[in-house]
Amino acid sequence: MTRATFRFYEELNDFLPAERRRQAFTCECARGATVKHMIEALGVPHTEVELVLLNGESVGLERVIFDDDRLAVYPKFEALDISPQLKVRAQPLRVLRFIADAHLGGLASLLRMSGFDTLYDNGFEDGQIAEIAAHQGRIVLTRDRELLKRRIISHGCYVHALKPSLQLREVYERLDLARSARPFSLCLHCNLPLHEISPELARPRVPPRVGALYSHFLHCSACQRIYWEGSHWRSMCALLAPLLDR
């Protein structure tokens, strides 16, 4: 067996048992074990890791661990650009697109409201989610750490909060989404772009009171839903305002 010393930083400690949090600890590793294998064996999904320093040198997840190695494992750096040091992933995602697991339907709807392409189907199995994420370059959102340990998933986010509104705030802060948000540009049902529709075409398809009060309408060409700036829209604006004002 091989023995190596690990130290996890910041929120990565949430995945560890209490006695191993915020301190260095030594443990046994199987011979030939990689960085990915060991950090996940210790409970931390590889998608939560942004930087690994092995004996002070940035390494990738496939690096083999040897006897007496010392590993420092970091999550995403919020205020410091460490791009030249990153070895964990081959490249960042060019476009922010998500796929949410079966337990995050509320969050998926709120992300669509924010204008982020977010796939969701409560019938998706874990294997399907992983395959879709890998094929389409999507970030997996889940509260299942075992899902994030799948090798083919390169980008993922373990969601800690339980309420959808708090989950949205968490994802906004962790992934710095404010600069990329395009609120009310996607259908909440279909996840497809909305288009403006004239009041003349919209009014026969909405309640008479809505047609009389509003003159700006958006239309989904897939499901034929019509959206307008009513009380639901105002509630969504209130939810998004503090997240976008950063």
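Only a predicted model underlies this, so the values are computations on that prediction, with no experimental measurement involved.

Procedures and definitions
- Residues numbered from 1 in each chain as written.
- Predicted model: local features only at pLDDT ≥ 70, side-chain atom pairs only at ≥ 80, totals over all residues.
- Heavy atoms only, no water.
- Pairing = 2+ DSSP bridges.
- Helix = DSSP H or I, 4+ residues; strand = E, 2+ residues; numbered from the N terminus.
- Phe/Tyr/Trp six-rings, centres within 6.5 Å; stacked < 30°, edge-to-face > 60°.
- Buried < 20%, exposed > 50% of the residue type's maximum accessible area, 1.4 Å probe, protein only.
- Polar contact = N/O pair within 3.5 Å; in protein donor to acceptor, adjacent residues only side chain to side chain.
- Contact = heavy atoms within 4.5 Å.
- Axes fitted to C-alpha atoms, helices over the stretch in contact; angles between N-to-C directions.
- Domains from an automatic or database assignment.
- Buried area = accessible area lost by both parts, 1.4 Å probe.
- Salt bridge = Lys/Arg side-chain N within 4 Å of Asp/Glu carboxyl O.
- Nonpolar A, V, L, I, M, F, W, Y, C, P; charged D, E, K, R; others polar.

Novice: Go over the sheet that holds strand β3 (residues 51-54) with me, naming the residues and quoting the values.
Specialist: The strand order across the open sheet formed by 5 strands is β2-β1-β5-β3-β4, and the pairing between neighbours is mixed. Every other strand in the sheet has two partners, leaving β2 (25-29) and β4 (57-58) as the edge strands with one partner each. The sheet contact formed by strand β1 (residues 2-8) and strand β5 (residues 70-74) spans 4 bridges and is parallel. Looking at the pairing, Phe 6 lines up with Leu 71 of β5.

Novice: Outline the packing of aromatic side chains, supporting the account with residue identities and numerical values.
Specialist: Two measures describe an aromatic ring pair: the distance that separates the ring centres and the angle between the ring planes. Taken as a whole and assessed by the stated rule, the structure comprises 8 aromatic pairs. Consider the rings of Phe 116 and Tyr 172, whose centres lie 6.3 Å apart with planes at 85°: the pair is edge-to-face. Within this pair, whereas Phe 116 is found in the loop between α2 (105-113) and β7 (118-120), its partner Tyr 172 is found in helix α5 (residues 164-175), the two being separated by 56 residues in sequence. The same class applies to Phe 116 as to Tyr 172, namely buried. Consider the rings of Phe 184 and Trp 233, whose centres lie 5.9 Å apart with planes at 45°: the pair is tilted.

Novice: Describe the side chain of Gln 167, naming the residues involved and giving the relevant values.
Specialist: Of note, Gln 167 is situated in helix α5. Of the polar contacts made by the side chain of Gln 167, one reaches the backbone oxygen of Leu 162; its length is 3.2 Å. Here Gln 167 is in contact with Leu 104, Leu 107, Arg 143, Val 159, Ala 161 and Leu 162, once residues within four sequence places are set aside.

Novice: Please give an account of the environment of Phe 217 that cites residues and values.
Specialist: You can see Phe 217 is positioned in strand β11 (residues 217-219). C-alpha of Phe 217 to C-alpha of Pro 199: the two residues are 18 residues apart in sequence and 6.7 Å apart in space.

Novice: Tell me about the pairing of β3, residues and numbers included.
Specialist: Where β3 and β5 come together, 4 bridges link them in antiparallel fashion. Pairing of Val 52 across the sheet is with Val 73, part of β5. In the sheet, β3 pairs with β4 via 2 bridges, with the strands oriented antiparallel. Its bridge partner lying in β4, Leu 54 is registered against Glu 57. Between β3 and β4, which pair antiparallel one after the other, the connecting turn spans 2 residues, and Asn 55 there sits at a positive phi close to 55°.

Novice: Explain the sheet that holds strand β6 (residues 98-100) residue by residue, including any values.
Specialist: On the basis of which strands lie adjacent, the open sheet formed by 4 strands has the order β7-β6-β8-β9 and parallel pairing. Bordering the open sheet on either side are β7 and β9 (156-158), each of which pairs with just one other strand. In this sheet, neighbouring strand axes are inclined to one another by 20° on average, regardless of whether the strands run parallel or antiparallel. Bridge count between strand β8 (residues 139-142) and β9: 3 bridges; the pairing is parallel. Counted as the bridge partner of Thr 142 is Tyr 158 from β9.

Novice: Break down the domain arrangement of the chain for me, with residues and values.
Specialist: When the domains of the chain are assigned, the result is domain 1 (2-75), domain 2 (98-180) and domain 3 (194-245). On a C-alpha basis, the centres of domain 1 and domain 2 stand 24 Å from each other. Summed over both partners, the interface of domain 1 with domain 2 buries about 1000 Å², with 46% contributed by carbon and sulfur atoms. On the domain 1 side of the interface with domain 2, the three residues burying the most area are Phe 15, Thr 47 and Glu 48, jointly 43% of the side's total. If you look at where domain 1 meets domain 2, you find 2 salt bridges. Residue Glu 48 is joined to Arg 174 by a salt bridge in which the shortest nitrogen-to-oxygen separation is 2.7 Å. Counting across the interface, domain 1 meets domain 2 through 9 residue pairs in polar contact (both at pLDDT 80 or more). Per-class residue counts for the side of domain 1 that touches domain 2 are 2 nonpolar, 3 polar and 5 charged.

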